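What the coordinates show
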Amino acid sequence: DHGTWGVLVHAFPDADIHVKNALLECRANDVFATINITIAREEEDAYAQALAFITHLLQAGFPKSYQIKLKSKVKAYLPIKGLAKSDTHRFFANALAHASLRPQLEAYARAAIEQFEFYADTEGEKNCMPGSYAVFGLGLLDSRYFPLVQHYMANVDEEHQSVQDQFTAAFAEQHGVTRDSAPVLAACLRACTDNAKVRIQAELEDVEKLELFCQQLQGLEGYLVEHMLYPVWGKLEKLAALARKAQGRRKELLLALLAAASKADT
């Protein structure tokens, strides 16, 4: 027994915190919550090993609010404005270029997502929950990862991060409003801040798409519906003006949205 200090220092076996071979070197420091990754050979297997290294560490209790220090010749970033151009971001964007790593990136994200935790190299409006870059990349690439996006959004702390606003705008642009994307869009809008701008108004001119959108807001509390409509239409007055001009089924749907948003919360 080395006392608590000894336990703290030796919390992770050496094999867990250091890996070195011809492809890469990874070294983790739990005191500083940093993971240094040097990619010696820019190939899929190097990123696969690095992802396995990080995921295993997180599952073993490594701090979730960590950061990556990356040495790599590749400089990829996600096509989303407003994200930190950090090494952590770059590592996941680089890994996302390898299609076969997507299931592993999802496994990493599920291990990393934790409410009230944030990557250590982000702050202010670039603050983001661990798992953000993997989730955002996967969510834009493939509908198979829509459930992952919903899981992420359910854990977002919108008081301390706003990057979900930019992701939601990119998601809407990429996937539009469809039977598959509508529930995900609703989960995103729910997690957005009031600064989000989601340009789906033109698409919602289509009555079937408007119908899909309305279905997602049924049964929610009034303040929540209003919160979710705001990134799309702005103030309710704007929606009311549209409803007045609309006709037929479209008018019914817009009025139903207004009614849902102004419903007093029980």
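This report concerns the structure included in the present document. (Residues numbered from 1 in each chain as written. Predicted model: local features only at pLDDT ≥ 70, side-chain atom pairs only at ≥ 80, totals over all residues. Heavy atoms only, no water.)

Remarks on the sheet that holds strand β1 (residues 18-20)
Taking strand neighbours across the sheet as the criterion, the four strands line up as β1-β2-β3-β4 in an open arrangement whose pairing is mixed. Looking at strand neighbours, the two that pair on one side only are β1 and β4 (67-71), the edges of this open sheet. In this sheet, neighbouring strand axes are inclined to one another by 15 degrees on average, regardless of whether the strands run parallel or antiparallel. Summarising the sheet, strand β2 (residues 24-29) and strand β3 (residues 34-39) pair through six bridges and their orientation is antiparallel. Along β3, the bridge assignment pairs Glu25 with Thr38. Across the sheet, helix α3 (residues 44-59) touches β1, β2, β3 and β4, and the angle it forms with β2 is around 15 degrees. Sheet strands touched by helix α4 (residues 87-96): β3 and β4. Its angle to β4, the strand with the most contacts, is close to 70 degrees. (Pairing = 2+ DSSP bridges. Helix = DSSP H or I, 4+ residues; strand = E, 2+ residues; numbered from the N terminus. Axes fitted to C-alpha atoms, helices over the stretch in contact; angles between N-to-C directions. Contact = heavy atoms within 4.5 Å.)

Considerations on the pattern of salt bridges
Between side chains of opposite charge, a pair can form when the charged atoms approach closely. Using the criterion set out here, one finds ten salt bridges in the structure. Here Glu114 ties to Lys64 by a salt bridge, and the two come within 2.9 Å at their closest N and O atoms. With Glu114 in the loop between α5 (102-112) and α6 (132-141) and Lys64 in the loop between α3 and β4, this residue pair connects regions lying 50 residues apart in the sequence. Two residues, Arg250 and Glu205, come together in a salt bridge whose shortest N-O distance is 3.8 Å. Placement of Arg250 in helix α13 (residues 248-262) and of Glu205 in the loop between α9 (182-191) and α10 (207-217) is noted, with a sequence separation of 45 residues between them. Overall, Arg250 belongs to the buried group, its relative accessible area being 14%. By relative accessible area, Glu205 is classed as partly exposed at 47%. (Salt bridge = Lys/Arg side-chain N within 4 Å of Asp/Glu carboxyl O. Buried < 20%, exposed > 50% of the residue type's maximum accessible area, 1.4 Å probe, protein only.)

Observations regarding α9
Among the ten residues of α9, eight are classified as buried, and the element is accordingly described as predominantly covered. Looking at α9, one finds that the buried residues are Ala182, Val184, Leu185, Ala186, Ala187, Cys188, Leu189 and Ala191. Packed against the buried residues of α9 are α7 (146-155), α8 (163-175), α10 and α11 (222-233).

Considerations on the nonpolar core
If you look at the biggest cluster of nonpolar residues, it comprises 91 residues, and the most contacted ones within it are Tyr66, Phe92 and Tyr108. The element contributing the most residues to this core is α3, with nine residues. Residue contacts for Tyr66: discarding those within four places in its chain leaves Ala33, Ile35, Ile54, Leu58, Phe92, Tyr108, Phe118, Tyr119 and Ala120. (Core = buried A, V, L, I, M, F, W, Y, C linked by side-chain atoms within 4.5 Å.)

Describing a positive patch on the surface
Taken together, the side chains of Lys81, Lys197, Arg199, Lys235 and Lys238 make up a positively charged region of the molecular surface. Tracing the sequence through the fold places Lys197 in the loop between α9 and α10. When its relative accessible area of 54% is taken as the criterion, Lys197 is described as exposed. (Patch = residues over 30% accessible without salt bridge, like charges linked within 9 Å, V, L, I, M, F, W, Y side chains within 5 Å. Areas by Shrake-Rupley, 256 points an atom, 1.4 Å probe, with all protein chains shown as cover. Lys, Arg positive; Asp, Glu negative; His and termini not counted. Charge placed at Lys NZ, Arg CZ, Asp CG, Glu CD.)

Quick look at unusual backbone geometry
Residues other than glycine seldom take positive phi values, yet Ala33 does so here, at roughly 50 degrees. Inspection of the secondary structure puts Ala33 in the loop between β2 and β3. Despite not being glycine, Phe116 shows a phi value in the positive range, around 70 degrees. Mapped onto the secondary structure, Phe116 falls in the loop between α5 and α6.

Structural notes on the pairing of β2
Side chains Leu24, Cys26 and Ala28 project from β2 onto a buried face, and the interleaved Glu25, Arg27 and Asn29 project onto a face without burial. In the sheet, β1 pairs with β2 via three bridges, with the strands oriented antiparallel. Within β2, the position partnered with Lys20 by the bridge is Glu25. Connecting β1 to the next strand, β2, in antiparallel fashion are three residues. Here β2 folds back onto β3 in antiparallel fashion, the turn holding four residues, of which Ala33 has a positive phi close to 50 degrees.

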